[in-house]
Every structure is written in C-alpha cells, then in structure tokens.
Amino acid sequence: MAPPIVRGTAAWRYFGDFRDVLLAGQVLVLQVAHPVVAAGVRDHSDYREDPWTRLMRTGASLSIYVYGGVAGARFEAERLRELHRKFTGIADGRRYSALNPAAYAWVHATLVMAPVDAQRFFGRPLSTSELDEYYAQMCGVGRILGIRDFPPTWPDFVRYYDEMVAGFSPNETIETLLETASTVGKPFSWLPSSWWPPVRKGQTFLIRATIPAELRTRLGLEWTVADERKFARFQRVVRILGAVTPPPLRTAHMRWIGKLNVWLRAHPWAYRFFVRS
C-alpha cells in the first residue's frame, strides 16, 4: 500500500512546487513524443486554438490527485477515464485509443518525473529516501488512475523512462506544439503586451534546456555553449528564489487549487458556472 500523501511527505512537498511549472513545456513535448498520445492530441485536443484553457484544466486536475484527498482523486480519475474513452481514431492505418495502457502509463510517467527534474534543475535533488517515498506515493496515484504495471522501484522507473525516451522520434504533433509555444498569444488581455514576447521566448528556451539531450538532438533543436551558460544563470536565480521561499508556500497555490476543485466537482452547478465545458 502506498504511503498516504499528507503534509510533510515527499509528494506533498514536491509535486506542487512552484518550480514545477517551469517544466510544463518539457512535459508536453515528452507526452506527445509517444505516437498514441500524439495521435490523440492531434485529433481531439484544441491546444492550438485555446492552449491556456487546456493547460489550466490540466493543472486543476493534477492538483486533485495530491492535494484533494483520496475521494477527490478517485472521482477525478473516473471522470478522466470516462472522458478519454471517447478519444479514439486511426493513426498509421491502425486504430488507437487514448486509454491504450502503454500510452496512459507514459503520460503519468512524465508527470511523476517532472517534479524530480524540477528539483534537480532548480532546487536540491531528492535524496534516496525521498525518492522512494515519492515514487511509492505516485504509484499509488497511478493505481487510482487504473495504471497497474508501473515499474516496482525508482531505479526500475528511471530505466523504463530512459528506454521510452530513447525510442522516440520527431512527429507532426511535436512540430505543431513547438510552433504553438513560439507563437501563442498571452493568456490574459490585461497583461502588458510588451511582457509577453520575452515570456514566450523563455518558455521555448526552457523546453530546449530541460528535455533529455538525446531527444533534443533528434528533434533538431539547437543547444549551444552560450545557451548552457544562460541556463546556468537562470538556475542560480531560481534556486535562490526557492531557498528564500518557506516550504509550505512553495506548494500553496496547488493545494488551494486542489481543494477548490474538489469542492467544485462536489457542486456541479458551481463547476458548470465557473468552468467552461
């Protein structure tokens, strides 16, 4: 049985850390590198036309699993499985389903790895004991989602993850995603227009900086010595910000979102009012 996710445990401390958002682009690229996920996103997602609504829904859903309690997580898992049952189609002459076990497990794997990568890049790498606790907790979340055949230990998971990445190659959905990231408009009209181009450029830079180096090369993404130095400076700044932020505040936004979304799903009228269907 997985250790409960309660205040102070590894998943509670790291899954919703504010630094995790810096890997949002990396996670999306890795997810759509899987051919089944790529086909589903291509055929059923509106991320090109409305990426911000999609991103906010994803963040809200994720927050429930760790910060919304077991009942909230089970409710959200069933909602997602019911939603994804509709996502089927044809890719390369074969039928696919968004509930393909390997693809479904891979999407969860990218979300398991992201907080660990975020700490490695921008904080303090997790200790062996923290990794063991965190991974056991995230395997518990996976079981709620219906994922049964996840690697048993963290070292096994790392081998699985690396083998998956080694098998990926460029595809049309990745190209579209990278183009969208470099051209997408600002999420809120009140943001000063002069702010957005640097933020957008920074996001594409972080994708290049944080995806595995071998996949970056296969995708033809440039990475120079100057980029490496720039990323090192950025890492130092973020580490300082993380160090001066009290640990409970690092996850406060995701804990609040998780609790709010559990309440919204328990009150369908409010959910329909505040969230577009």
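Structure shown above.
The text that follows walks through the structure, step by step, so that each part is easy to find. (Residues numbered from 1 in each chain as written. Predicted model: local features only at pLDDT ≥ 70, side-chain atom pairs only at ≥ 80, totals over all residues. Heavy atoms only, no water.)

1. Some thoughts on the pattern of salt bridges
Worth spelling out the cut-off: Between Lys or Arg on one side and Asp or Glu on the other, a salt bridge is scored when a side-chain nitrogen of the former is within 4 Å of a carboxyl oxygen of the latter. Helix numbering and strand numbering both begin at the N terminus, where a helix is a DSSP run of H or I of at least 4 residues and a strand a DSSP run of E of at least 2. A 1.4 Å probe rolled over the protein chains alone gives each residue an accessible area, and that area as a share of the maximum for its type sets the label: buried under 20%, exposed over 50%, partly exposed in between.
Throughout the structure, instances matching the rule amount to six salt bridges. For Glu130, the salt bridge goes to Arg13, with nearest N and O atoms at 2.7 Å. Within this pair, whereas Glu130 is found in helix H7 (residues 128-145), its partner Arg13 is found in helix H1 (residues 10-14), the two being separated by 117 residues in sequence. The class of Glu130 is buried, set by a relative accessible area of 12%.

2. Considering the side chain of Asp227
Spelled out, the test is: Under this definition, polar contacts are N or O atom pairs within 3.5 Å; protein pairs additionally need one hydrogen-donor-capable and one acceptor-capable atom, and for neighbouring residues in sequence, both atoms have to be side-chain atoms. Contacts: residue pairs with any heavy atoms within 4.5 Å of one another.
Counting through the fold element by element, Asp227 comes out in helix H12 (residues 225-244). A distance of 3.1 Å separates a polar atom in the side chain of Asp227 from a polar atom in the side chain of Arg208. Residues in contact with Asp227, not counting those within four places in the same chain, are Phe205, Arg208 and Glu222.

3. Brief notes about the nonpolar core
Our working rule: To define a nonpolar core, start from buried Ala, Val, Leu, Ile, Met, Phe, Trp, Tyr and Cys residues and group those joined through side-chain atoms within 4.5 Å.
Ranked by size, the top nonpolar core spans 57 residues in total, and within it Trp106, Val112, Tyr134, Met138, Phe150, Trp154 and Phe157 carry the most contacts. In terms of residue count, helix H6 (residues 101-122) provides more of this core than any other element does, 10 residues in total. Residue contacts for Tyr134: discarding those within four places in its chain leaves Ala10, Ala11, Phe15, Leu111, Val112, Pro115, Val116 and Leu126. Phe121, Leu206, Ala209 and Trp223 belong to the second largest nonpolar core, which has 11 residues in total.

4. Things to note about helix H8 (residues 154-166)
For clarity, the threshold we go by: Here a helix's expected span is defined as the number of its residues, less one, multiplied by 1.5 Å.
For H8, spanning 13 residues, the distance from its first C-alpha to its last is 18 Å, which sits close to the expected 18 Å at 1.5 Å a residue. Those residues of H8 that are buried lie in contact with helix H2 (24-32), H6, H7 and helix H11 (213-218).

5. A look at the packing of helix H9 (residues 172-183) against helix H10 (residues 196-210)
So the rule is basically this: The convention used is that axes are lines fitted to C-alpha atoms, helices contributing only their stretch in contact, and that angles between N-to-C directions extend from 0 to 180 degrees. Asp, Glu, Lys and Arg are counted as charged, while Ala, Val, Leu, Ile, Met, Phe, Trp, Tyr, Cys and Pro are counted as nonpolar; the rest, among them Gly, fall into the polar class.
At their nearest, the axes of H9 and H10 sit 7 Å apart, and the two run at 145 degrees to each other. Contacts between H9 and H10 involve Leu178, Ala181, Ser182 and Thr183 from the first element and Arg200, Thr204 and Ile207 from the second. Residue composition of the contact of H9 with H10, grouped by class: three nonpolar, three polar and one charged.

6. Re the packing of aromatic side chains
The line we're drawing: The pairing test for Phe, Tyr and Trp rings, Trp by its six-membered ring, is centres within 6.5 Å, and the orientation test on the planes gives stacked under 30 degrees, edge-to-face over 60, and tilted for anything in between. Geometrically, a lysine NZ or arginine CZ counts as sitting over a ring once it is within 6 Å of the ring centre and also within 35 degrees of the ring normal.
Summed over all chains, the structure comprises 18 aromatic pairs. Three or more aromatic residues link up through ring pairs in this structure, and these residues are Trp106, Tyr135, Phe150, Trp154, Phe157, Tyr160, Tyr161 and Phe168. When the ring centre of Phe121 is taken as reference, the NZ or CZ atom of Arg120 above it lies at 4.4 Å. The ring centre of Phe205 lies 5.2 Å from the NZ or CZ of Lys230, which sits over that ring.

7. Some thoughts on the environment of Lys86
For Lys86, the location among the structural elements is in the loop between helix H5 (69-84) and strand E1 (88-91). Residue Lys86 is classed as exposed on the basis of its relative accessible area, which comes to 57%. When the C-alpha atoms of Lys86 and His44 are compared, they prove to be 9.2 Å apart, with 42 residues separating the residues in sequence.

8. Focus: a positive patch on the surface
Short version of the rule: Residues enter a patch when their relative accessible area is above 30% and they make no salt bridge; the linking distance is 9 Å between like charges and 5 Å between nonpolar side chains (Val, Leu, Ile, Met, Phe, Trp, Tyr). What sets the accessible areas is the Shrake-Rupley method with a 1.4 Å probe; for residues, cover comes only from the shown protein chains. His residues and chain termini do not enter the charge count, which takes Lys and Arg as positive and Asp and Glu as negative. We put the charge of a Lys on NZ, of an Arg on CZ, of an Asp on CG and of a Glu on CD.
A contiguous patch of positive charge on the surface is contributed by Lys201, Arg229, Lys230, Arg233, Arg236 and Arg239. Tracing the backbone through its elements, the reader meets Arg239 in helix H12. Relative accessible area serves as the criterion here: at 33%, Arg239 is assigned to the partly exposed category.

9. What to know about the packing of H2 against H9
Stated formally: Here is the rule for angles: anything less than 35 degrees is roughly parallel, anything more than 145 is roughly antiparallel, 65 through 115 is roughly perpendicular, and the remaining ranges are oblique. If you view the pair so one helix is near and one far, a crossing is left-handed when the near helix is turned anticlockwise from the far one by less than a right angle, and right-handed when it is turned clockwise.
For the pair H2 and H9, interaxial distance at closest approach is 9 Å and the crossing angle is 160 degrees. One element, H2, and the other, H9, form an angle in the roughly antiparallel class. Handedness of the crossing formed by H2 with H9: right-handed. Contacts between H2 and H9 involve Leu28, Val29 and Val32 from the first element and Thr173, Ile174, Leu177 and Leu178 from the second. Residues that form the contact of H2 with H9 fall into these classes: six nonpolar, one polar and no charged.

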